[in-house]
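# A look at the structure
Now for the letters of each chain:
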Amino acid sequence: MYQIFSTPTCAKSQQVLPELCSPLGSSTPMDSVPLLRRPGQINKNIRRKKELDKHFKDQFIIDAGQKHFGPVSCKTCGMVYAAASPEDETQHAQYHQRLLEGIKFVGWKKERTMAEYWDGKIIVVFPDDPKYAVKKAEDVRELVDSELGFKQANLSRPSKIKTYLFVSNDRKIVGCVIAEHITQAFRVLSEDVHRTDFEKLKTVENQRAWRCSTEPERAICGVSRIWVFKLQRRRGIASRMVDTVRNTFMYGSFLSKTEIAFSDPTPDGKLFATKYCGTPNFLVYNFIS
Ligand code: COA
């Protein structure tokens, strides 16, 4: 018995149906195979680049020796935009400013440092921490939500979350994991038993609907949001953050990879979780049936 989901939007369900953090096993008839129809999460920058490439192909633009021609990718904020377009330039300037402001970290007197590395450290913010810390955590969450395309996505139980932030040596917040207590989750089912190869997963499963079991399994920690600054990805930041969550989420115990679940993962999230958990059949929670 299983359920099918479209290529998903991590935590978007919290925006649409906040109450769904008590997952759906009970509310889903055992003989039904519900299909989610909501917009798939698309990496905004890839989509933007494609749009811009198409725009430049379709439109007849005169190369009059402009400094920049065609899509450019900002080396600081990572946004892809058309440098020749005033509208795009404005959008870029706004995004750039907002991002840099959001990820700036001045340092606090009382930081709860959970792990230290050669390239930065991981701190955690609790909901009852001083206002400035909670405000920073909220600002980062808003940035993450806007990158994921969520508008006014509320957390289901804001008083219960722990926000882990990866602060780089140059005092920028380049990673964020929001973790919450859960009691059960559901296993993602493989699309095809012959397609367990990771490369195939990347190219095939990534684009497709995914299925998960209707059988709830015990889980302890839910990853509600996981995000790494675009220009710092594939450097093990997310892996180190989830390691730290597992190590510190519950006092005195180190959670196993089978005790954590991902909230309705995006394609990026799915690839990450598959690698991190060592299986495409990792646990998920908090999705729409
Ligand atoms: N494509 C393919 N494999 C990926 C991947 C991607 N986009 N992201 C992670 N992986 C796999 C790789 O095997 C990687 O190891 P490798 O780099 O040695 O090959 C492994 O996961 C560990 O990745 P890591 O470097 O720890 O992850 P990260 O710091 O790049 O962060 C995300 C991963 C998902 C947090 C990041 O891509 C991100 O912020 N994406 C946008 C927000 C998002 O979609 N979040 C998921 C919500 S559920």
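Residues numbered from 1 in each chain as written. Predicted model: local features only at pLDDT ≥ 70, side-chain atom pairs only at ≥ 80, totals over all residues. Heavy atoms only, no water.

## Remarks on helix H7 (residues 267-277)
Where burial is concerned, most of H7 is hidden: nine out of the 11 residues are buried. Gly278 sits one or two residues past H7 and shows a positive phi near 75°. (Buried < 20%, exposed > 50% of the residue type's maximum accessible area, 1.4 Å probe, protein only. Helix = DSSP H or I, 4+ residues; strand = E, 2+ residues; numbered from the N terminus.)

## Digging into the nonpolar core
Soluble globular proteins tend to pack their nonpolar side chains together in the buried interior. Judged by nonpolar contacts, the single largest core of 62 residues is most densely connected at Tyr164 and Phe262. Counting residues in hydrophobic clusters, the runner-up holds six residues, among them Ile182, Ala185, Ala219 and Leu283. (Core = buried A, V, L, I, M, F, W, Y, C linked by side-chain atoms within 4.5 Å.)

## Considerations on the pattern of salt bridges
Pairs can form between side chains of opposite charge whenever their charged atoms are close. On inspection of all chains with the given rule, the structure shows 13 salt bridges. Lys135 is the salt-bridge partner of Asp139, the closest N and O atoms lying 3.1 Å from each other. Of this pair, Asp139 and Lys135 both sit in helix H4 (residues 131-148), separated by four residues, roughly a single helical turn. Given the relative accessible area of 26%, Asp139 is considered partly exposed. One salt bridge in this structure joins Asp145 and Arg225, with 2.6 Å as the shortest N-O distance. Highlighted residues: Asp145 in helix H4 and Arg225 in strand E11 (residues 221-228), separated in sequence by 80 residues. Across this residue pair, the class does not change: Asp145 and Arg225 are buried. Connected through salt bridges with shared partners, the residues Arg141, Asp145 and Arg225 form a single ionic network. (Salt bridge = Lys/Arg side-chain N within 4 Å of Asp/Glu carboxyl O.)

## So, the packing of aromatic side chains
Throughout the structure, instances matching the rule amount to seven aromatic pairs. Aromatic side chains Tyr117 and Phe166 sit 6.1 Å apart centroid to centroid with 15° between the ring planes, which places their arrangement in the stacked category. Remark: Phe166 occurs in strand E6 (residues 162-168) and Tyr117 occurs in strand E4 (residues 113-117); sequence separation between them is 49 residues. Owing to a relative accessible area of 1%, Phe166 belongs among the buried residues under this scheme. Joined through ring pairs, the aromatic side chains of Phe262, Phe272, Tyr276 and Phe282 make up one cluster. Its end group placed over the ring of Phe249, Lys162 keeps NZ or CZ at 4.8 Å from the ring centre. Between the NZ or CZ atom of Lys257 and the centre of the ring of Tyr276, over which it lies, the distance is 4.7 Å. (Phe/Tyr/Trp six-rings, centres within 6.5 Å; stacked < 30°, edge-to-face > 60°. Lys NZ or Arg CZ within 6 Å of the ring centre and 35° of its normal.)

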